[in-house]
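Inside the fold
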Amino acid sequence: MTFKKLEVPTSSITEVKKSPMDVFQQARKEKTGVYIFNREKIAGVMLTQELYESLVKELDELRANKVQVETKKPDPEVSSHIRANELLDLVKTKIVPNTTIAVKKLDEQLTDFGFISKRDAFQGINELLEELQTTGKLTYVLSQAHATPFAIELIGEEDYQSAFVKKIIIRKILIKE
């Protein structure tokens, strides 16, 4: 059995007890934290004051940028039709027409884009497959959190090739405003 060597500096609790300043010098020299092991398990990480403060500053900046992104209002001059087309293009990068995709994965990808999931906690994907068999399509509605409510229709059919994973073949993706 081969063990993967850590690519970060390491030390032991014993070394920290003997000379903590040596561990801080190692962290300063490597410009990173030093993993401290206690009986072959990571007990913690030692950082220099400078590195700790720079990490806290970077984290604060990332949090501030996240708040700015979340509070940014959509441009009123951009029409809902353009946004719908952009979202459709984004969906088509993940869900390619005339390909097979697992139903669960399809539902997860669409919910990641902001569409409301159709899966039921108890029935799972059976409800989706029933809708597909009945209508020949799956309709997903964009959640109310978005400024431009619309739906997409996935025209397709169930792929019976796989016995273990339920898959569907997507033939077309359409916008329904």
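Bear in mind that the values here come from a model prediction, so they are computed numbers and not experimental data.

Quick look at the pattern of salt bridges
Enumeration over the complete set of coordinates arrives at 5 salt bridges. One salt bridge connects Glu15 with Lys18, and the closest N-O pair in it is separated by 3.9 Å. Highlighted residues: Glu15 and Lys18, both in helix α1 (residues 13-18), separated by 3 residues, approximately one helical turn. Take Glu15: its relative accessible area is 39%, and that puts it in the partly exposed class. With a relative accessible area of 62%, Lys18 lands in the exposed category. A salt bridge links Lys137 to Glu153; its shortest N-O distance comes to 3.2 Å. With a gap of 16 residues between them, Lys137 in strand β5 (residues 137-141) and Glu153 in strand β6 (residues 151-159) connect regions that are remote in the sequence. Assessed through its relative accessible area of 25%, Lys137 is described here as partly exposed. A relative accessible area of 10% places Glu153 in the buried class.

With respect to the pairing of strand β2 (residues 34-38)
Inspection of the sheet shows strand β1 (residues 10-12) paired to β2 by 3 bridges, in the parallel sense. The residue bridging Ser11 from the neighbouring strand is Ile36, located in β2. Relative to strand β3 (residues 41-46), β2 is paired through 5 bridges, and the arrangement is antiparallel. Within β3, the position partnered with Tyr35 by the bridge is Val45.

Points about the sheet that holds β2
Paired through backbone hydrogen bonds, the strands of a sheet run either parallel or antiparallel to each other. A sheet is described by the order of its strands in space; here 3 strands give the open sequence β1-β2-β3, paired in mixed fashion. The outermost strands of the open sheet, each flanked by one partner alone, are β1 and β3. Averaged over all adjacent pairs, the angle separating strand axes in this sheet is 35°, with direction ignored.

Quick look at the nonpolar core
One broad trend across soluble globular proteins is that nonpolar side chains are buried collectively. Ranked by size, the top nonpolar core spans 23 residues in total, and within it Leu106, Leu110, Phe115, Leu154 and Ile168 carry the most contacts. At the level of elements, α4 (80-94), α5 (103-112), α6 (126-135), β5, β6 and β7 (167-176) are the ones that each hand at least two residues to this core. In contact with Phe115, other than residues within four places in its own chain, are Leu87, Val91, Leu110, Tyr140, Val141, Leu142, Ser143, Phe150 and Ile152. Of all hydrophobic cores here, the second largest spans 6 residues; its members include Val16, Ala27, Ile36 and Met46.

A look at the sheet that holds strand β4 (residues 99-102)
If you trace the 4 strands from one edge of the open sheet to the other, you get β4-β7-β6-β5, paired in antiparallel fashion. The open sheet has two edge strands with one neighbour each: β4 and β5. Neighbour-to-neighbour, the strand axes of this sheet turn through a mean angle of 45°, independent of strand direction. In this structure, β5 lies alongside β6, joined through 5 bridges in antiparallel fashion. Its bridge partner being in β6, Val141 is matched across the sheet by Ala151.

Cut-offs used in this document
Residues numbered from 1 in each chain as written. Predicted model: local features only at pLDDT ≥ 70, side-chain atom pairs only at ≥ 80, totals over all residues. Heavy atoms only, no water. Salt bridge = Lys/Arg side-chain N within 4 Å of Asp/Glu carboxyl O. Helix = DSSP H or I, 4+ residues; strand = E, 2+ residues; numbered from the N terminus. Buried < 20%, exposed > 50% of the residue type's maximum accessible area, 1.4 Å probe, protein only. Pairing = 2+ DSSP bridges. Axes fitted to C-alpha atoms, helices over the stretch in contact; angles between N-to-C directions. Core = buried A, V, L, I, M, F, W, Y, C linked by side-chain atoms within 4.5 Å. Contact = heavy atoms within 4.5 Å.

This is a description of form; function is not addressed.
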